[in-house]
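Coordinates in review
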Amino acid sequence: MAEFLLIIVVSFSLVLQISAAYLAYKIYRFNRLSPLWLIMLSAFELEVLRRMFVIFADITAVSVPATTMFSHTLMFAISLFLNIGLFGMMKNFETFEFVQKNVEDKAKKFKKKK
């Protein structure tokens, strides 16, 4: 019973992670403020891959040291990507001139279309 409950929780977690990756993609497509969003998106997608890997290992009851190493390597890559992306975006948002310039450029393009 506990294993079944664990699989349900991990599966729901995977669905939520896929949703987060999709939302990150929509944010990137919407504002394209920085290519650092692509790094963030990659981190979310790697987390989806890692969670799928964990679910597969739980269902098949595979517990090989190589699977653990793969999962930990993915966790490291995810953390690295998130830190790079967030640090870079933080630097961009420390000066609102960057944001203001992008908003002004988009407003000009929007006015030209009309």
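It should be noted that the structure appears before, not after, this text.
Residues numbered from 1 in each chain as written. Predicted model: local features only at pLDDT ≥ 70, side-chain atom pairs only at ≥ 80, totals over all residues. Heavy atoms only, no water.

A word on the overall build of the protein chain. A tally of regular secondary structure across the protein chain gives four helices and zero strands. Of all 114 residues assigned to the protein chain, the portion counted as buried reaches 26%. Contacts in the protein chain between residues far apart in sequence, at least 24 positions, make up 74% of those at least 6 positions apart. (Helix = DSSP H or I, 4+ residues; strand = E, 2+ residues; numbered from the N terminus. Buried < 20%, exposed > 50% of the residue type's maximum accessible area, 1.4 Å probe, protein only. Contact = heavy atoms within 4.5 Å.)

What follows is about the environment of Ala43. Topologically, Ala43 is positioned in helix H2 (residues 36-60). Spatially, the C-alpha atom of Ala43 lies 8.3 Å from that of Leu80, the residues being 37 residues apart in sequence. Every residue in contact with Ala43, bar those within four places of it in the chain, is listed here: Ile78, Phe81 and Leu82.

This next bit is on a nonpolar patch on the surface. Where nonpolar side chains cluster on the molecular surface, the patch consists of Met1, Phe4, Leu5, Ile8 and Val9 and spans about 590 Å² of accessible area. Note on Phe4: relative accessible area 55%, which makes it exposed. (Patch = residues over 30% accessible without salt bridge, like charges linked within 9 Å, V, L, I, M, F, W, Y side chains within 5 Å. Areas by Shrake-Rupley, 256 points an atom, 1.4 Å probe, with all protein chains shown as cover. Salt bridge = Lys/Arg side-chain N within 4 Å of Asp/Glu carboxyl O.)

In this section: the pattern of salt bridges. Applying the stated criterion across every chain yields a total of two salt bridges. A salt bridge links Glu47 to Arg50, with the nearest nitrogen and oxygen atoms 3.0 Å apart. Taken as a pair, Glu47 and Arg50 lie in helix H2 at a separation of three residues, close to a single helical turn. Where salt bridges share partners, they join Glu47, Arg50 and Arg51 into one cluster.

A separate point is the side chain of Glu47. Overall, Glu47 belongs to the buried group, its relative accessible area being 9%. A polar contact is formed between the side chain of Glu47 and the side chain of Arg50, at a distance of 3.0 Å. Those residues in contact with Glu47, other than ones at most four positions away along the chain, are Gln17 and Ile78. (Polar contact = N/O pair within 3.5 Å; in protein donor to acceptor, adjacent residues only side chain to side chain.)

Among the nonpolar cores identified, the biggest contains seven residues, and these are Ala24, Tyr28, Leu36, Trp37, Met40, Leu41 and Met89. Of all the secondary structure elements, the ones that give two or more residues to this core are helix H1 (2-31) and H2. Broken down by element, the residue count for this core peaks at four residues, all from H2. (Core = buried A, V, L, I, M, F, W, Y, C linked by side-chain atoms within 4.5 Å.)

On to a positive patch on the surface, then. On the surface, Lys106, Lys108, Lys109, Lys112 and Lys113 cluster together to form a positively charged patch. Take Lys108: it is sitting in helix H4 (residues 96-113). (Lys, Arg positive; Asp, Glu negative; His and termini not counted. Charge placed at Lys NZ, Arg CZ, Asp CG, Glu CD.)

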